[in-house]
Amino acid sequence: MTARTYGQFCGVARALELIGERWSLLVIRDLVLGPKRFDELQQGLPKIPMSILSTRLNELERHGVVQRRVLSQLDAGVVYELTEYGNDLDQIVLQLGLWGARSLGDPTADDLFTLDSAVLSLYTTFQPDAALGVDCAFEMHYGGEMVIHAVVEDGVLTAGEGPHPDPDLVIEPRGPVMVKLLNGELDAASALTSGAVAVKGDPDKLELFTRMFHIPSAPVKTEGLVTH
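Residues numbered from 1 in each chain as written. Predicted model: local features only at pLDDT ≥ 70, side-chain atom pairs only at ≥ 80, totals over all residues. Heavy atoms only, no water.

*Asks:* Please set out the nonpolar core residue by residue, giving values where relevant.
*Replies:* Among the nonpolar cores identified, the biggest contains 35 residues, and Leu122, Met140, Phe209, Met212 and Phe213 are the most heavily contacted of them. Non-local contacts of Phe213, meaning those with residues more than four positions away in its chain, are made with Leu122, Thr125, Phe126, Ala150, Val152, Leu157 and Leu182. Membership of the second largest hydrophobic core comes to 18 residues, among which are Leu41, Val66, Leu89 and Val93. (Core = buried A, V, L, I, M, F, W, Y, C linked by side-chain atoms within 4.5 Å. Buried < 20%, exposed > 50% of the residue type's maximum accessible area, 1.4 Å probe, protein only. Contact = heavy atoms within 4.5 Å.)

What follows is the structure in structure tokens.
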């Protein structure tokens, strides 16, 4: 049991006791994509103190969400990975990410956009129904240093780090415009005309990309007291 509890017999309360501590969900987010060494987790979460990362991993391991595994390769080391119980969180993390993306504005100078965040953003925003019957490969370049790819095969997405050997479209956003492109604030044609996004390949496929990867609009914020 955690040292701190909400004192409520409730699944939501129990879930928060298990994974609700600061940084815990971001650790889980980065493990959704696969096992990682301690230093790899620290690299993806550069603002977390080493002692806090160690504490969170120990807590998640104690709760049966994360486990340690010794690699069998020559450079044997320890990696952290989600347990079967922890893997049940993958869709929850994606849905939470999509919910939060509906409130994303422009990033601040201190906001970090990591490789794992870039890959997960594809899974988060993917719309399987819009991708039925589609077979297409995309490659995204962020800032000239970060490259990821997405392969869509009849409503199924596979995304990961690095270039694709034969992409149908290479997308290179010029600045932080991807959120606006995915939430519809910036349409594909305007993005190309204005130079906000550069592409290599069939430019018409950028519009297809925005249909398959989409952030729904958040409900309009109400002002003042709501009455019925």
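From this point on, the discussion continues.
*Asks:* Let's hear about the pairing of strand S3 (residues 135-142): which residues, and what values?
*Replies:* By the criterion of burial, S3 is predominantly enclosed, with six of the eight residues buried. In this antiparallel pair of consecutive strands, S3 and strand S4 (residues 146-153), the connection spans three residues, and Gly143 shows a positive phi of 65 degrees. (Helix = DSSP H or I, 4+ residues; strand = E, 2+ residues; numbered from the N terminus. Pairing = 2+ DSSP bridges.)

*Asks:* An account of the pairing of strand S5 (residues 156-161) is needed here, citing residue identities and associated values.
*Replies:* Bridge count between S4 and S5: six bridges; the pairing is antiparallel. Among the inter-strand pairings, Val151 is bridged to a residue of S5, identified as Thr158. Connecting the antiparallel pair S4 and S5 is a turn made up of two residues, with Asp154 showing a positive phi of about 50 degrees.

*Asks:* A description of the side chain of Arg29 should follow, citing residues and the corresponding values.
*Replies:* Checked against the element boundaries, Arg29 lands in helix H2 (residues 24-32). Not counting residues up to four positions away in its chain, the partners in contact with Arg29 are Gly44, Leu45, Val93, Thr114, Ser117 and Leu120.

*Asks:* Summarise the sheet that holds strand S6 (residues 169-173); cite the residues concerned and give the values.
*Replies:* Taken together, the five strands give an open sheet; going across it, the order is S5-S4-S3-S6-S7, and neighbouring strands pair in mixed fashion. Both outer strands of the open sheet, S5 and strand S7 (197-201), are each paired with one neighbouring strand and no more. The mean angle between the axes of side-by-side strands here comes to 20 degrees, regardless of whether they run parallel or antiparallel. Inspection of the sheet shows S3 paired to S4 by eight bridges, in the antiparallel sense. Residue pairing across strands places Cys136 opposite Val152, the latter belonging to S4. Each of S3, S4, S6 and S7 is contacted by helix H10 (residues 204-212), which is oriented at about 90 degrees to S3, the strand it contacts most. (Axes fitted to C-alpha atoms, helices over the stretch in contact; angles between N-to-C directions.)

*Asks:* Describe a nonpolar patch on the surface, listing the residues and the values that go with them.
*Replies:* A contiguous nonpolar patch, built from Tyr6, Val12 and Leu16 and spanning about 320 Å² of accessible area, is present on the exposed surface. As for its placement among the helices and strands, Tyr6 is situated in the segment before helix H1 (11-19). (Patch = residues over 30% accessible without salt bridge, like charges linked within 9 Å, V, L, I, M, F, W, Y side chains within 5 Å. Areas by Shrake-Rupley, 256 points an atom, 1.4 Å probe, with all protein chains shown as cover. Salt bridge = Lys/Arg side-chain N within 4 Å of Asp/Glu carboxyl O.)

*Asks:* Could you give an account of the pattern of salt bridges, naming the residues involved and the relevant values?
*Replies:* Scanning the model with the defined rule gives 10 salt bridges in all. Between Arg29 and Asp30 there is a salt bridge; the shortest N-O distance is 2.8 Å. Judged by its relative accessible area of 16%, Arg29 falls in the buried class. One continuous salt-bridge network, built from bridges that share partners, spans Glu21, Arg56 and Glu59.

*Asks:* Could you give me a rundown of the packing of aromatic side chains, with the residues and numbers involved?
*Replies:* For any pair of aromatic rings, the description consists of the separation of the ring centres together with the inter-plane angle of the planes. For the coordinates displayed, the defined rule picks out four aromatic pairs. Measuring from centroid to centroid gives 5.5 Å for Phe126 and Phe213, while their planes differ by 45 degrees, and the two rings are tilted. Pair noted here: Phe126 is in the loop between helix H7 (115-125) and S3 and Phe213 is in the segment after H10, with a separation of 87 residues, a long-range link. Of the residues examined, Phe126 reaches a relative accessible area of 12% and is grouped as buried. Three or more aromatic residues link up through ring pairs in this structure, and these residues are Phe126, Phe138, Phe209 and Phe213. (Phe/Tyr/Trp six-rings, centres within 6.5 Å; stacked < 30°, edge-to-face > 60°.)

*Asks:* Which residues make up helix H6 (residues 90-101), and what values do they have?
*Replies:* Over its 12 residues, H6 extends 16 Å from the first C-alpha to the last, a length consistent with the 16 Å expected when each residue adds 1.5 Å. Within H6 the residues assigned to the buried category are Val93, Leu94, Leu98 and Ala101. With its buried residues spanning 135 degrees around the axis, H6 presents them on a single face. What points out from H6, more than 90 degrees from its buried face, is the exposed set Ile92, Gln95 and Trp99. (Expected span 1.5 Å × (residues − 1). Arc of directions from axis to C-beta.)

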